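Chain residues, written in single-letter form:
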Amino acid sequence: MRVFLTCYGGAHVSAIIPLYQALVRRGHTCDLLALTTAAETARRCNLPFYRPIDFVDIADADILEWGERLAQRHHTEGKGLSRDESIAYLGVSFCDLAADIGEAEAWRRYEKSGLNAFAPVRFMRRVIAQFEPDVVVATTSPRMEKAALRAAFQLDVPSLCMVELFGLLEEPWLSRPDNGHVLAVSREDVRRRLVAAGRQACDIHLTGSPMFDQLADPDLPAAGRRWRHEHGVADSEKLVFWAEQPEPGDPELPRRVRLHLADLCRRKGWRLVVRLHPSSTDHRAEKIPSDCLQSHAHEPLSHVMHACDAGVTLTSTVGWELLLCNKPLLVIRISEFSNAVTYGSDDGALVVDTLEQAAGGLSDLLHDTTESARLQQFRSRLPSPGGASHRICDLIEKTVFARNYSLEDMRRARTHAN
C-alpha cells in the first residue's frame with residue numbers, strides 16, 4: 001500500500017512521524033510532503049521528504065510576484081526554511097486562490113483572513129496525482145493539509161485526518177465529509193462534538209494520537225532525572241516548564257509571559273526552563289533570561305517534561321502531554337486562542353484568567369495542597385498513552401481495504417448487469 005502523508009511543523013509533524021515509521025515497519029511505502037518547519041523535524045529524524053517547492057515552477061511570473069510580496073510579510077529567517085521555499089509555498093497558495101475567485105478578490109480575502117484564506121486544492125490535486133497513493137493522511141491544520149484532504153476526496157482517494165487534540169477551531173470544516181473519509185481523535189468529547197456538527201459517528205474513531213505514543217516509554221522518568229542532573233538542577237529545586245506558542249495577533253505576548261515567569265521563579269527560588277515553539281520567530285534572536293534554562297528543539301521534549309515539577313502554557317498541546325505524564329499543569333487563559341482548547345480541572349489542569357494569578361496557581365501546584373491533590377486524582381484517571389500509531393495503521397488498512405472492496409463490488413455489479 002502507498003500512503004501519502006502531509007503536515008506542518010510542531011504538534012502536526014510530531015503526530016505524523018511515528019505513524020509514518022509504523023506504516024513503514026508494516027511494509028507500506030510512505031511519501032511525506034513536509035510543509036514549512038516540518039521539513040526540519042523530518043530531517044532530524046532521518047526521514048525522506050518532499051517540500052512544496054519540489055512541485056512548484058518558481059520561474060512562473062505570478063507565483064514569483066505574489067510569493068515575494070507575501071514573503072516580505074511572512075518569511076522569517078532562522079526557522080529552517082529558505083526564502084525561496086517561502087516564496088514557492090506562498091506564491092502557489094495565492095495562485096490557487098486567484099484562479100478560483102480572481103486576483104482582486106483573493107487579496108481582499110487574504111487581508112481579511114490572512115494565510116487561512118489559502119487552501120490550494122488545485123495544487124494538492126496535482127501533487128497527489130503524481131504519487132498515485134492508496135490513501136492520503138493529514139492532521140487538522142488548515143491551508144495545505146485541509147487542501148490535501150479535499151483533493152483526495154475529489155480524486156476519490158481514501159483519506160484519514162488525525163485530530164491531534166481538541167479540534168475546536170477546525171470543527172467548521174471537519175464537519176464536512178470532504179475533510180477525511182475517516183477521522184482519528186484523541187478525546188471522547190471531540191468525537192461527540194463532531195457527530196453533533198454533522199459527521200457520521202461511524203467515520204470517527206477514538207484512537208489516541210501517535211504524538212503521545214512515546215510517553216509510554218518506562219525509561220522516561222529516569223531520562224528526566226538525567227536531564228536535571230546534566231543541567232545543574234538540584235533534586236530539591238522546583239523546575240517550572242514554559243511551553244511557548246506563537247501569538248500572531250500579539251507577538252509580544254509570549255515574551256511578556258516568559259519574562260513574567262522568569263521573574264516569578266527568581267523571586268520564589270524556583271528554576272524556569274523555556275521551550276520555544278518551532279514556528280516562533282528566529283530562535284537566535286529571542287532573549288532568554290540568563291538565569292533560565294532553555295530546552296532546544298533537538299532535545300526530546302518528553303525528557304524535559306519528566307524533568308519538570310510543573311508546566312505552564314497558554315494553548316499548547318504540550319499541556320496535554322504534561323497531563324498524560326501526570327505533571328501538574330497551569331493554563332493561563334490570556335491568548336486569543338484560549339477558546340480553542342478545553343483544558344480544565346476534569347483533565348487535572350489548574351486554569352487561571354490573568355498572568356498575575358500565575359504565582360498563586362504555581363504555588364498551589366508545586367506544594368502539597370488540597371488543590372494539588374484533587375487535580376492529581378483527575379490526572380490519574382486520564383487514558384494511558386501508547387499504541388495510537390498501531391491503531392491508526394489498522395484503521396488505514398481497514399479503510400483502504402473496505403474502499404477497494406466496495407469499488408470492486410461495483411465493478412462486478414456493472415459487469416454482471418452488462
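Our subject is the structure listed above.
The model shown is predicted, which means the values in this text are computed figures rather than measured ones.

Visitor: An account of the overall build of the chain is requested, with residue identities and associated values reported.
Guide: The helix and strand inventory of the chain stands at 16 helices and 12 strands. On C-alpha atoms alone, the chain measures out to a radius of gyration of 22 Å, which is about the 22 Å that the 2.2 N^0.38 rule sets for 418 residues. In terms of principal-axis extent, the alpha carbons of the chain reach across some 80 × 50 × 40 Å. Going through the 418 residues of the chain one by one, you find that 53% of them count as buried. Considering only intrachain contacts with a sequence separation of at least 6, the fraction spanning at least 24 residues in the chain is 64%. For the chain, the computed accessible surface area is about 18,500 Å², with 49% contributed by carbon and sulfur atoms. Distance between charge centres in the chain, computed from 50 positive and 56 negative side chains, equals 2 Å.

Visitor: Help me get a handle on the sheet that holds strand 4 (residues 159-162), residues and values and all.
Guide: On the basis of which strands lie adjacent, the open sheet formed by 6 strands has the order 2-1-3-4-5-6 and parallel pairing. Looking at strand neighbours, the two that pair on one side only are strand 2 (29-34) and strand 6 (204-206), the edges of this open sheet. In this sheet, neighbouring strand axes are inclined to one another by 20° on average, regardless of whether the strands run parallel or antiparallel. Pairing of strand 4 with strand 5 (residues 182-185), which is carried by 3 bridges, proceeds in the parallel orientation. Each residue of the ladder has a partner; that of methionine 162, found in strand 5, is alanine 184. Sheet contacts for helix 1 (residues 11-25): strand 1 (2-7), strand 2, strand 3 (135-139) and strand 4; angle to strand 1, the most-contacted strand, approximately 165°. Taken strand by strand, helix 7 (residues 144-155) contacts strand 1, strand 3 and strand 4, and its axis lies near 155° from that of strand 3.

Visitor: Give me the lowdown on a negative patch on the surface, citing residues and values where you can.
Guide: There is a patch of like negative charges on the surface, built from Asp62, Glu65, Glu68, Asp84 and Glu103. With 3 residues, the single largest contributor to the negative patch is helix 3 (residues 61-74). Relative to the helices and strands, aspartate 62 is located in helix 3.

Visitor: Break down the packing of aromatic side chains for me, citing the residues and quoting the values.
Guide: With the rule as written, the count across this model stands at 11 aromatic pairs. Residues tyrosine 50 and phenylalanine 55 carry aromatic rings whose centres are separated by 5.8 Å and whose planes lie at 50° to one another, so their mutual orientation is tilted. With a relative accessible area of 34%, tyrosine 50 lands in the partly exposed category. Here the aromatic cluster, defined as three or more aromatic residues joined through ring pairs, consists of Trp66, Phe94, Trp107, Tyr110 and Phe118. The cationic tip of arginine 187 hangs over the ring face of tryptophan 320; the distance from NZ or CZ to the ring centre is 4.8 Å.

Visitor: If you had to explain the nonpolar core to someone new, which residues and values would you point to?
Guide: Judged by nonpolar contacts, the single largest core of 60 residues is most densely connected at Leu5, Phe241 and Tyr343. Top contributing element to this core by residue count: helix 1, with 9 residues. The contacts of leucine 5, once residues within four sequence positions are left out, are Ile16, Leu19, Tyr20, Leu23, Cys30, Asp31, Leu32, Leu33 and Val137. Grouped together as the second largest cluster of nonpolar side chains are 37 residues, Leu35, Ala106, Trp107 and Ala117 included.

Scoring rules and cut-offs
- Residues numbered from 1 in each chain as written.
- Predicted model: local features only at pLDDT ≥ 70, side-chain atom pairs only at ≥ 80, totals over all residues.
- Heavy atoms only, no water.
- Helix = DSSP H or I, 4+ residues; strand = E, 2+ residues; numbered from the N terminus.
- Rg over C-alpha atoms; globule rule 2.2 N^0.38 Å.
- Buried < 20%, exposed > 50% of the residue type's maximum accessible area, 1.4 Å probe, protein only.
- Contact = heavy atoms within 4.5 Å.
- Areas by Shrake-Rupley, 256 points an atom, 1.4 Å probe, with all protein chains shown as cover.
- Lys, Arg positive; Asp, Glu negative; His and termini not counted.
- Charge placed at Lys NZ, Arg CZ, Asp CG, Glu CD.
- Pairing = 2+ DSSP bridges.
- Axes fitted to C-alpha atoms, helices over the stretch in contact; angles between N-to-C directions.
- Patch = residues over 30% accessible without salt bridge, like charges linked within 9 Å, V, L, I, M, F, W, Y side chains within 5 Å.
- Salt bridge = Lys/Arg side-chain N within 4 Å of Asp/Glu carboxyl O.
- Phe/Tyr/Trp six-rings, centres within 6.5 Å; stacked < 30°, edge-to-face > 60°.
- Lys NZ or Arg CZ within 6 Å of the ring centre and 35° of its normal.
- Core = buried A, V, L, I, M, F, W, Y, C linked by side-chain atoms within 4.5 Å.

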